[in-house]
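As a plain string of letters, each chain reads:
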Amino acid sequence: MVFLFSRITKKYAQVALACGRAAHQTALRGATAPTPQLATLTPKVRAFVERSVALCQPEHVHVCDGSEAEASALLHIMQQQGTLKRLPKYDNCWLARTDPADVARVESRTFICSDKERDVVPIARAGQKSALGNYIAAADYDKAITERFPGCMRGRTMYVIPFSMGPVGSPLSKIGVEITDSPYVVYSMRVMTRMGAKVLEALRQDEQFVRCLHAVGTGGIQGWPCDPPRTIILHKPADNEIVSYGSGYGGNSLLGKKCFALRLGSVIARREGWLAEHMLIVGVTDPKGRKRYIAAAFPSACGKTNLAMMTPTLPGYKVECVGDDIAWMKFDKNGVLRAINPENGFFGVAPGTSEATNPIAMSTVFKNTVFTNVGETNDGGVWWEGMGAAPESLTDWKGQPWDPSKKTPAAHPNSRFCTPAEQCPIIDSEWESSEGVPISAILLGGRRPAGVPLVVEARDWNHGVFMGATMRSEATAAAEHSGKTIMHDPFAMRPFFGYNFGDYLKHWLSMPKPGRQVPKIFHVNWFRKNDEGKFLWPGFGENSRVLDWILRRCDNEPCYTETPLGFVPKQNDLNVQNLGKIDMDTLFSIPKDFWLQEADAIEKYFKEEVGQDLPKEMWQELEKLRKNVQQS
């Protein structure tokens, strides 16, 4: 247990549970008259709060109820502090500008603590830096906390956020309690999770919860306190505990998101026999009115949000969004794999989002939204690169007049919108179903400019797991003007594994059992190019044509042919009507030399990063791939 401080400070008395805006404003500022309602918390939650108070020594404590009055009070306080600025062009939209050093997830300072290093990092990287996770020993974990947290909230309000990942009361949902000193985090968690009084009531029925402690630290700029040099993100799965210090950026501070939903979530899922994945979920209705649900794992910049909010071009098809980022999936008593979106909002990357690329997102974000690090127009609106022509007068993400001649972006490349999911015009009617939606197919994909066909169906479940284990995608190197490189990103989970990747693969391989209906698995690649560097496939809404073939295969329609990589559409079985000239031969070609090199790269990765922890089934699939390609 991290929180070793037993003496409770006398300054935790202010707990606000009143329902009026004035009462909330008074409480959130920190009234002097105590309202001792910590007794309303369940014993375990209260104990967590009291230990955190003793450690962080805040001036006041506020237990969040999730009410509109509370949200209004938080917005008022953040305006006074300089954290948020109203955007009068839109309905209840706000602009935040972070410290320039606090703009993204800090993977190099994100750690998993366990008794043994091998619990976290495959044996091949024992004692070395791993691409598949960062291990921290228990003593170093405790040291990191004791060096940062004592007294870190002096003079501030400590907020207690009871939240549910997934619909409150769903058998697939989990509860957490985040403690933070950031009103920006509280307001954002209100968007991204179900939080407040209903969750406290659920805790009275079952007191299991994940403990999440966050502090922004000291330093930063006016309105955005942070401590970038000492930022650290810690996870201790054995204790269901997450600790984050020094960053207010969403990926590091909204602890229900990647920290809970994926890193801890993957460990809990393994423990309990389900899957916590970096996947979107969509419902696809065909022209006959039959609806199926698909989950899909893509690395960043590979079209995940665009697929989640697709406008199909194929007549008669309809796509509806359940979630754009995370899926929790569990087999029900009838053997059907069911999925929920554990989140309640969208935390999307703004640059590149436009009416042309994602009109649904554009119809979603311009009300009840917090924009972070985007450009600001002189009429009280926002702008980012890829949105359209830049207005004449802009203020950049650092709050300075934007000069396009200097070629610095008006919006930070990782600028974000934080928007309620219920506002999405194509939100699925079952997006908050307690039982989850039934998954018919799982898609895996990446940005591969050469060699990889548009769509390939796995021969069986083990082959599909191999597809996920060997996912690779083109990424832009960090140095400006450097070339593109192909990075390994298995299951699009590389930054989010909560335990040993070899054990993660074994868990996936364990899913098929008698009576279970495992979904078909497919690999897709919207990004193959010709020799002139132009895309061979139009993408976006035209990807509905690929979904059409995938759903036909889910019905076991014999519309495929076998290749060394798996099953692909038979000639004329992929609907390309009215698309113009598509070079189908190149789009589906399987260059022998390319794939022999690919097999060598996979083997090297398996040996160097996973070693003895790799399941034998993955070596067998690699040998099948190499043999099939050699004989082709």
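Each value, and the rule that gives it
- Residue indices follow the written sequence of each chain, beginning from 1 at its first position.
- Since the coordinates come from a predicted model, pLDDT governs what is reported: local features require at least 70, and pairs of side-chain atoms require 80 or more to be given and counted, while whole-chain, interface and lining totals use all residues.
- Hydrogens are left out, water is left out, and the side-chain values use all remaining heavy atoms of the structure.
- Numbering of helices and strands runs from the N terminus, with a helix taken as a DSSP run of H or I at least four residues long and a strand as a DSSP run of E at least two residues long.
- Between the two quantities, the radius of gyration covers C-alpha atoms and the globule rule is 2.2 Å times the number of residues to the power 0.38.
- Each residue gets one of three labels from its accessible area relative to the maximum for its type: buried under 20%, exposed over 50%, partly exposed in between, using a 1.4 Å probe on protein chains only.
- Working rule for contacts: check all heavy atoms of both residues, and any pair within 4.5 Å makes them a contact.
- His is not counted, nor are the chain ends; Lys and Arg add positive charge and Asp and Glu add negative charge.
- The location of each charge is read from NZ of Lys, CZ of Arg, CG of Asp or CD of Glu.
- Salt bridges, as used here, are contacts in which a Lys or Arg side-chain nitrogen is within 4 Å of a carboxyl oxygen on Asp or Glu.
- At least two DSSP bridges between two strands are needed for those strands to be called paired.
- A pair of aromatic rings is counted whenever rings of Phe, Tyr or Trp (Trp by its six-membered ring) have centres within 6.5 Å, and the orientation is called stacked for planes under 30 degrees apart, edge-to-face for over 60 and tilted otherwise.
- In this analysis the charged atom, NZ for Lys or CZ for Arg, is taken to sit over a ring once it is within 6 Å of the ring centre and within 35 degrees of the ring normal.
- Any two cysteine sulfur atoms within 2.5 Å of one another count as a disulfide.
- UniProt positions are given in the numbering used here, feature names are shortened, and annotations may be inferred rather than shown by experiment.
- Note on terminology: a nonpolar core comprises buried Ala, Val, Leu, Ile, Met, Phe, Trp, Tyr and Cys residues joined through side-chain atoms within 4.5 Å.

Visitor: Provide a residue-level description of the overall build of the chain, including the pertinent values.
Guide: Counting its secondary structure elements, the chain contains 16 helices and 32 strands. Taken over C-alpha atoms, the radius of gyration comes to 25 Å for the chain, in line with the 26 Å a tight globule of 632 residues would show. With respect to the three principal axes, the spread of C-alpha positions in the chain is 80 × 55 × 50 Å. Expressed as a percentage of the 632 residues in the chain, the buried residues total 59%. When contacts within the chain are restricted to residue pairs at least 6 apart in sequence, long-range pairs at least 24 apart make up 74% of them. The distance from the centre of the 74 positive side-chain charges to the centre of the 69 negative ones in the chain is 2 Å.

Visitor: Any chance you could break down the pattern of salt bridges for me, citing the residues and the numbers?
Guide: A side chain of one charge can pair with a side chain of the opposite charge when the charged atoms of the two come close. Scanning the model with the defined rule gives 46 salt bridges in all. Residues glutamate 147 and arginine 148 are paired through a salt bridge, measuring 3.8 Å at the closest nitrogen-oxygen approach. Taking the shortest distance from any N to any O, the salt bridge between glutamate 603 and arginine 626 comes out at 2.9 Å. You can see glutamate 603 sitting in helix H15 (residues 592-610) and its partner arginine 626 sitting in helix H16 (residues 616-630), a full 23 residues away along the chain. What makes arginine 626 buried here is its relative accessible area of 12%. Ionic contacts of the salt-bridge type, sharing partners, join the residues Lys257, Lys258, Lys304, Asp325 and Glu343 into one network.

Visitor: Give a detailed account of the sheet that holds strand E22 (residues 375-377), specifying residues and quantitative values.
Guide: Ordered in space as E23-E22-E24, the three strands form an open sheet in which the pairing is antiparallel. One side of each edge strand has no neighbouring strand; the edge strands of this open sheet are strand E23 (382-383) and strand E24 (394-395). Taken together, the two bridges between E22 and E23 define a ladder with antiparallel strand orientation. Paired with glycine 375 across the two strands is tryptophan 383, which belongs to E23.

Visitor: How would you explain the environment of cysteine 559 if you had to name every residue and give the values?
Guide: Within the element layout of this structure, cysteine 559 appears in the loop between helix H13 (544-554) and strand E31 (560-563). Here the alpha-carbon distance between cysteine 559 and aspartate 573, two residues 14 residues apart in the chain, equals 5.9 Å. Apart from the residues within four sequence positions on either side, cysteine 559 is in contact with Trp549, Arg552, Arg553, Val568, Pro569, Lys570 and Asp573.

Visitor: Which residues make up the packing of aromatic side chains, and what are the values?
Guide: Per the counting criterion, the structure on display carries 27 aromatic pairs. Both rings, one in phenylalanine 366 and one in tryptophan 384, keep their centres 6.3 Å apart while their planes meet at 5 degrees; by these two values the pair is stacked. Placement of the pair is phenylalanine 366 in the loop between helix H10 (359-364) and strand E21 (370-372) and tryptophan 384 in the loop between E23 and E24, with a sequence separation of 18 residues. An aromatic cluster of three or more residues is present, and its members are Trp461, Phe491, Phe497, Tyr499, Phe501, Tyr504 and Trp508. Lying across the ring of phenylalanine 527, arginine 447 places its NZ or CZ 4.0 Å from the centre.

Visitor: Now, about the state of the cysteines: what can you tell me, with residues and values included?
Guide: Counted under the stated rule, the structure contains zero disulfides. Here cysteine 64 stays unpaired: no disulfide links it, and the sulfur of cysteine 212, its closest cysteine neighbor, is 13 Å away. Judged by relative accessible area, cysteine 64 falls into the buried class, the value being 0%. For cysteine 93, which is in no disulfide, the shortest distance to another cysteine sulfur is to cysteine 418 and amounts to 11 Å. Looking at cysteine 93, the relative accessible area reads 0%, which means it is buried.

Visitor: Residues and numbers for the UniProt feature "domain: Phosphoenolpyruvate carboxykinase GTP-utilising N-terminal" (unreviewed entry) in the chain, please.
Guide: Mapped onto this numbering, the UniProt entry gives "domain: Phosphoenolpyruvate carboxykinase GTP-utilising N-terminal" (unreviewed entry) at residues 48-270. The annotated region residues 48-270 carries 31% helix and 24% strand content, and the separation between its end C-alpha atoms amounts to 26 Å.

Visitor: Tell me what's going on with the pairing of strand E30 (residues 520-524), and back it up with residues and numbers.
Guide: With respect to burial, E30 is a largely interior element, four of its five residues being buried. Looking at chain direction, strand E26 (residues 437-445) and E30 are connected through five bridges and run parallel. Bridging across to E30, alanine 441 finds its partner in lysine 520. In this structure, strand E27 (residues 455-457) lies alongside E30, joined through three bridges in antiparallel fashion. Residue pairing across strands places valine 455 opposite valine 524, the latter belonging to E30.

Visitor: So what's going on with unusual backbone geometry? Which residues, and what values?
Guide: Across residues other than glycine, the phi torsion is negative in most instances, and most of the peptide bonds are trans. Even without a glycine there, the phi angle at asparagine 92 is positive, about 55 degrees. Looking at the secondary structure, you find asparagine 92 in the loop between strand E2 (84-86) and strand E3 (94-96). What makes asparagine 92 partly exposed here is its relative accessible area of 21%.

Visitor: I'd like a description of the nonpolar core, backed by residues and values.
Guide: The nonpolar side chains of a soluble globular protein tend to be buried, and buried together. Of all hydrophobic cores here, the largest spans 156 residues; its most connected members are Phe371, Ile439, Leu443 and Ile550. Counting residues per element, this core draws most heavily on helix H8 (residues 256-272), which supplies eight residues. If sequence neighbours within four positions are ignored, isoleucine 439 has contacts with Ile281, Tyr293, Ile294, Ala295, Met329, Leu337, Ala339 and Pro519. Core analysis: the second largest hydrophobic core is formed by 34 residues, Val53, Phe149, Cys152 and Phe209 among them.

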